[in-house]
Amino acid sequence: MLDIRWIRENREKVEASLKNRGASFDLEGLLSLDEERRRLLQEVEALKHERNVASDEIGLLLREKKDTTSKKEEMKAISQKIASLDEKVGEISKKLDYLVLIIPNIPHSSVPLGEDSRANKEVRSWGKPRKFSFKPKTHLELLEHLGIIDFKRGAKVTGAAFPLYVGDGAKLERSLIQFMLELHTGKHGYQEISPPFLVNRESMTGTGQIPKFEEDMYRLKDDDYFLVPTAEVPVTNLHRDEVLEEKELPLYYTAYTPCFRREAGSYGKETKGLTRVHQFDKVELVKFTHPDKSYEEHEKLLKDAEEVLQLLEIPYRVMLLSTGDLGFAASKCYDIEAYAAGTGTYLEVSSCSNFEAFQARRANIRFRSKSTKASQFVHTLNGSGVALARTVICLLEHFQEEDGSVLLPMALRPYMGGQERLTTPPR
RNA sequence: GGAGAAGUGGCAGAGCGGUUGAAUGCGGCGGUCUUGAAAACCGUUGUCCCGCAAGGGACCAGAGGUUCGAAUCCUCUCUUCUCCGCCA
């Protein structure tokens, strides 16, 4: 969320941001509501002052055992007026609060201008797409051959696009999670968190998933809880409504959670296989930083995520998202796209974003500055480190052999109990 | 799930209709003393909103209500603790 005062004073910047993002928003309506709210606030606060003064007087009169009925009558009328004005202010504030929550963040100056993903910029790439001496299979063919994911039974147990991992598939999933967590906690200095997989409305609002994207989230019917769409939500909200010490910053957290996404509106698109599923595993990286350091930390976070793919020896490219493709809450975002050799396409396996104070303001996450002694908002960042389902696709397709077996990258073997290869299980 | 108790400033803990934004202690910050430190002593110390300012408003878990006036009374919700039940 943006600061309403800042919006008031930087109208052109907000307009430019909305235009560059291709977002529609009634800025005019917001500003006039803001003006009306302030006008009413002044009116009602003057009345409240009058009431406070009169109440003190009544207290004094009572102590002197004097009559207070006329004064009380007078104040009764004022109290009624206050109540009706308060109600008006409340209504306007509610509208205003909603509007402020659905304005997207301002893109950073280094973000390329553009309408959509076509304007994204490739920052760098790592590894070379493998040259095959045979026709590589797609992950669907490999999964079928290896028998490590049972989509049919997943659909029976729950519904379409809920993958059910079997045998080596389940083991591979577990090993990847373990491998990533070990890398980030050991080498990169993140603290591991194992958070709840259900979060409340305040948390979802804090990181920006709602109110704007509520229909994309799974919600429980009887309790106002949501299934986490990403570990970003519980981990960022760890410090909601807290004032951190400046010397604690930056804070680094990593967490594994399954991620639940309704993917409403994307039916028919990539619905087969693991590319777009309702539940997938992900190891997430989250940082809380000093505002002066967030862009530096952003680059480091990206490198931490990249290292996962490097150790897994999967070729990838890093894309800097354009204003039109940038997520709602982000100021700047890099996507890591891993190469899927079977189809010759790139799949997004990580999104590394700097939200600046956008989430911190919503979630009220501040730190006390030693020098100024005042509290100010931290900057929050996060990135996938990395998302599993699509990484599994790229891993299988990249390391496949002609006979349909899959060689495992060296880095993963210790986590697979020394296993070197995925093969068709014996019957 | 049932019964009971409680939620007050960074922490501990008073207050239970009217100079209480909130006693007191600890902590924090500044100072005196000291070669330095500790101790002792003195002072100071919440957040948010409106306003150019002067100033004003709000906040005692959260949301409503009663009242001229609510941290204090009433209702609901949430959280914590104790006991019982159930259960990985």
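Here goes a summary of the coordinates provided.

Rules behind the numbers
Residues numbered from 1 in each chain as written. Chains lettered and ligands numbered in written order. Predicted model: local features only at pLDDT ≥ 70, side-chain atom pairs only at ≥ 80, totals over all residues. Heavy atoms only, no water. Axes fitted to C-alpha atoms, helices over the stretch in contact; angles between N-to-C directions. Helix = DSSP H or I, 4+ residues; strand = E, 2+ residues; numbered from the N terminus. Parallel < 35°, antiparallel > 145°, perpendicular 65-115°, else oblique. Contact = heavy atoms within 4.5 Å. Nonpolar A, V, L, I, M, F, W, Y, C, P; charged D, E, K, R; others polar. Pairing = 2+ DSSP bridges. Near = heavy atom within 4 Å. Polar contact = N/O pair within 3.5 Å; in protein donor to acceptor, adjacent residues only side chain to side chain. Phe/Tyr/Trp six-rings, centres within 6.5 Å; stacked < 30°, edge-to-face > 60°. Buried < 20%, exposed > 50% of the residue type's maximum accessible area, 1.4 Å probe, protein only. Lys NZ or Arg CZ within 6 Å of the ring centre and 35° of its normal. Core = buried A, V, L, I, M, F, W, Y, C linked by side-chain atoms within 4.5 Å. Disulfide = S-S within 2.5 Å. Left-handed = near helix turned anticlockwise from the far one by under 90°. Patch = residues over 30% accessible without salt bridge, like charges linked within 9 Å, V, L, I, M, F, W, Y side chains within 5 Å. Areas by Shrake-Rupley, 256 points an atom, 1.4 Å probe, with all protein chains shown as cover. Salt bridge = Lys/Arg side-chain N within 4 Å of Asp/Glu carboxyl O. Lys, Arg positive; Asp, Glu negative; His and termini not counted. Charge placed at Lys NZ, Arg CZ, Asp CG, Glu CD.

Focus: the packing of helix H5 (residues 139-146) against helix H12 (residues 388-398)
- Contact geometry of H5 with H12 gives a least axis separation of 9 Å together with a crossing angle of 80 degrees. Here H12 runs roughly perpendicular to H5, going by the angle between their axes. In this structure, H5 contributes His139, Leu142, Leu143 and Leu146 to the contact, and H12 contributes Ile393, Leu396 and Glu397.
- Classifying every residue of the contact of H5 with H12 gives five nonpolar, one polar and one charged.

Comments concerning the sheet that holds strand S10 (residues 345-354)
- Pairing is mixed in the open sheet, where eight strands are placed in the order S1-S8-S9-S10-S13-S7-S6-S2. The sheet terminates laterally at strand S1 (121-126) and strand S2 (191-193), the two strands that pair on one side only. Shown here is a sheet whose adjacent strand axes are inclined to one another by a mean of 25 degrees, direction ignored.
- Of the pairings in the sheet, the one linking S2 to strand S6 (residues 251-260) comprises three bridges and is parallel in character.

What about the protein's contact with RNA strand B?
- Neighbouring RNA strand B are 23 residues; Arg38, His49, Ser55, Leu62 and Ser79 lie closest to it.
- Within 4 Å of the protein, atoms of RNA strand B come from sugar and phosphate in 71% of cases.
- At 3.0 Å from a phosphate oxygen of RNA strand B is found a side-chain nitrogen or oxygen belonging to Asn52.
- When contributions to the surface near RNA strand B are tallied by element, the ones reaching two or more residues are helix H1 (4-9), helix H3 (27-63), helix H4 (69-101) and strand S11 (365-368).
- Examining the composition of the surface near RNA strand B, we find that 14 residues originate from one element, H3, more than from any other.
- Of the residues belonging to the surface near RNA strand B, the class tally is four nonpolar, six polar and 13 charged.

Observations concerning the packing of aromatic side chains
- Applying the stated rule across the entire model yields nine aromatic pairs.
- Each ring, one from Phe179 and one from Tyr415, has its centre 5.9 Å from the other, and the planes form 65 degrees; the classification is edge-to-face. Of this pair, Phe179 sits in helix H7 (residues 168-187) while Tyr415 sits in the loop between strand S14 (406-407) and strand S15 (421-422); the two residues are 236 residues apart in sequence, bridging distant segments of the chain.
- By relative accessible area, which is 28% here, Tyr415 ends up partly exposed.
- In textbook terms, an aromatic cluster arises when at least three aromatic residues are bridged by ring pairs, as seen for Phe213, Phe328 and Phe358.
- The positively charged end of Arg317 is found above the aromatic ring belonging to Tyr346, 4.0 Å away from the centroid.

Some thoughts on the sheet that holds S11
- Pairing is mixed across the open sheet formed by three strands, whose spatial order is S5-S11-S12. What marks the edges here is a single partner per strand, and that holds for strand S5 (242-245) and strand S12 (375-377). Averaged over neighbouring strand pairs, the angle between their axes works out to 40 degrees when direction is ignored.

Notes on unusual backbone geometry
- Here the amide bond leading from Ile210 into Pro211 is cis, since omega sits at 10 degrees, within 30 degrees of zero.
- By the secondary structure assignment, Pro211 is in the loop between helix H8 (201-207) and strand S4 (225-227).
- Of note, Glu313 is a non-glycine position whose phi angle comes to about 60 degrees, a positive value.
- For Glu313, the location among the structural elements is in the loop between helix H10 (294-311) and strand S8 (316-320).
- We classify Glu313 as partly exposed; its relative accessible area is 36%.
- One non-glycine residue with positive phi stands out, namely Glu356, at about 50 degrees.
- Position of Glu356 among the secondary structure elements: in the loop between S10 and helix H11 (358-363).
- Looking at Glu356, the relative accessible area reads 22%, which means it is partly exposed.

So, the nonpolar core
- Core analysis: the largest hydrophobic core is formed by 53 residues, its most contacted members being Leu176, Leu274, Leu396, Leu412 and Leu422.
- Non-local contacts of Leu176, meaning those with residues more than four positions away in its chain, are made with Leu312, Leu388, Val392, Leu395 and Leu412.
- Formed by 35 residues, the second largest nonpolar core is a distinct cluster that contains Val14, Val44, Leu101 and Ile106.

What to know about the state of the cysteines
- For the structure on display, the rule yields zero disulfides.
- The thiol sulfur of Cys333 is not disulfide-bonded, and the nearest other cysteine sulfur, from Cys352, lies at 7.1 Å.
- For Cys352, a relative accessible area of 0% translates into the label buried.

Describing the packing of H3 against H4
- Where H3 contacts H4, the axes come no closer than 9 Å and their chain directions differ by 155 degrees. Between H3 and H4, the interaxial angle falls into the category roughly antiparallel. For the pair H3 and H4, the sense of crossing is left-handed.
- In terms of residue class, the contact of H3 with H4 is built from 17 nonpolar, two polar and 14 charged.

Some remarks on a negative patch on the surface
- Together, Asp241, Glu242, Glu245 and Glu248 give the surface a local cluster of negative charge.
- Take Glu248: it is sitting in the loop between S5 and S6.

A few points about the environment of Gly147
- Counting through the fold element by element, Gly147 comes out in the loop between H5 and helix H6 (151-157).
- Relative accessible area serves as the criterion here: at 38%, Gly147 is assigned to the partly exposed category.
- For the pair Gly147 and Asp168, spaced 21 residues apart in the sequence, the C-alpha separation amounts to 8.7 Å.

Re the environment of Gln279
- Within the element layout of this structure, Gln279 appears in strand S7 (residues 279-289).
- Since its relative accessible area comes to 30%, Gln279 is described here as partly exposed.
- Linking Gln279 and Arg262, residues 17 residues apart in sequence, is a C-alpha distance of 8.8 Å.
- Excluding anything up to four places from it in sequence, Gln279 contacts Ala161, Phe162, Pro163, Pro258, Cys259 and Phe260.

Read these as spatial facts, not as claims about activity.
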